[in-house]
Amino acid sequence: MADASGEDVQERLKSALWFAIGKMVDDESLRRNMNATPQFIGALTELVWTQIENVAIDLETFSQHAGRTTVTTDDVLLLARRNSDLQSVIKDCVDRLKAAKVKERTRSGKKK
């Protein structure tokens, strides 16, 4: 029964992904005055789904190799290591978030 529930969740996620991709493709098609077939949207959805599965497996593997049960930003940066532009964007975002967190801690510490 739990397996059926997991499959149901997976199908719901895949449907949501199909809807989101379909909306993006439709918006872009309208913008460019082009058409996209439902088969294209389905194929693109399968491609993205497979990529998401591969990324999830890689992130989980990196985390386990480091002896952790939680995926961290270090795992995401490691995943992006072969795409220097992507890694740079992710690293900048992580650095900004960390700086904002430190700034917020400093503020809350001064209020006490």
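Here the structure is a predicted model, which is why all the values come from computation and not from measurement. (Residues numbered from 1 in each chain as written. Predicted model: local features only at pLDDT ≥ 70, side-chain atom pairs only at ≥ 80, totals over all residues. Heavy atoms only, no water.)

**Looking at the side chain of Ser 63**
Next up, step 1: Its location among the elements puts Ser 63 in helix H2 (residues 38-65).
Next up, step 2: If sequence neighbours within four positions are ignored, Ser 63 has contacts with Arg 68, Thr 69, Thr 70, Val 71 and Asp 75. (Helix = DSSP H or I, 4+ residues; strand = E, 2+ residues; numbered from the N terminus. Contact = heavy atoms within 4.5 Å.)

**Topic: the nonpolar core**
Next up, step 1: Core analysis: the biggest nonpolar cluster contains five residues, these being Leu 17, Ile 21, Val 25, Ile 41 and Trp 49.
Next up, step 2: Elements represented by at least two residues in this core include exactly helix H1 (2-32) and H2.
Next up, step 3: Broken down by element, this core gets its largest block of residues, three residues, from H1. (Core = buried A, V, L, I, M, F, W, Y, C linked by side-chain atoms within 4.5 Å. Buried < 20%, exposed > 50% of the residue type's maximum accessible area, 1.4 Å probe, protein only.)

**Comments concerning H2**
Next up, step 1: Over its 28 residues, H2 extends 40 Å from the first C-alpha to the last, a length consistent with the 40 Å expected when each residue adds 1.5 Å.
Next up, step 2: Of all the positions in H2, only Ile 41, Thr 45, Trp 49, Leu 59, Phe 62 and Ser 63 are classed as buried.
Next up, step 3: Looking one or two places after H2, you find Gly 67, whose phi comes out positive at around 80 degrees. (Expected span 1.5 Å × (residues − 1).)

**Quick notes on the confidence of the model for the protein**
Next up, step 1: Averaged over every residue, the pLDDT of the protein is 93; residues scoring 70 or more account for 95%.
Next up, step 2: Mean pLDDT across the secondary structure elements of the protein bottoms out at helix H4 (residues 84-111), with 90, and peaks at H2, with 97. (pLDDT = per-residue confidence, 0-100.)

**Digging into the pattern of salt bridges**
Next up, step 1: In the structure shown here, the tally under the stated rule is six salt bridges.
Next up, step 2: A salt bridge links Asp 27 to Lys 23; the shortest N-O distance between them is 3.7 Å. Here Lys 23 and Asp 27 lie together in helix H1, a separation of four residues that amounts to about one turn.
Next up, step 3: The exposure class assigned to Asp 27 is partly exposed, which follows from its relative accessible area of 42%.
Next up, step 4: Taking the relative accessible area as the measure of exposure, Lys 23 reaches 46% and is therefore partly exposed. (Salt bridge = Lys/Arg side-chain N within 4 Å of Asp/Glu carboxyl O.)

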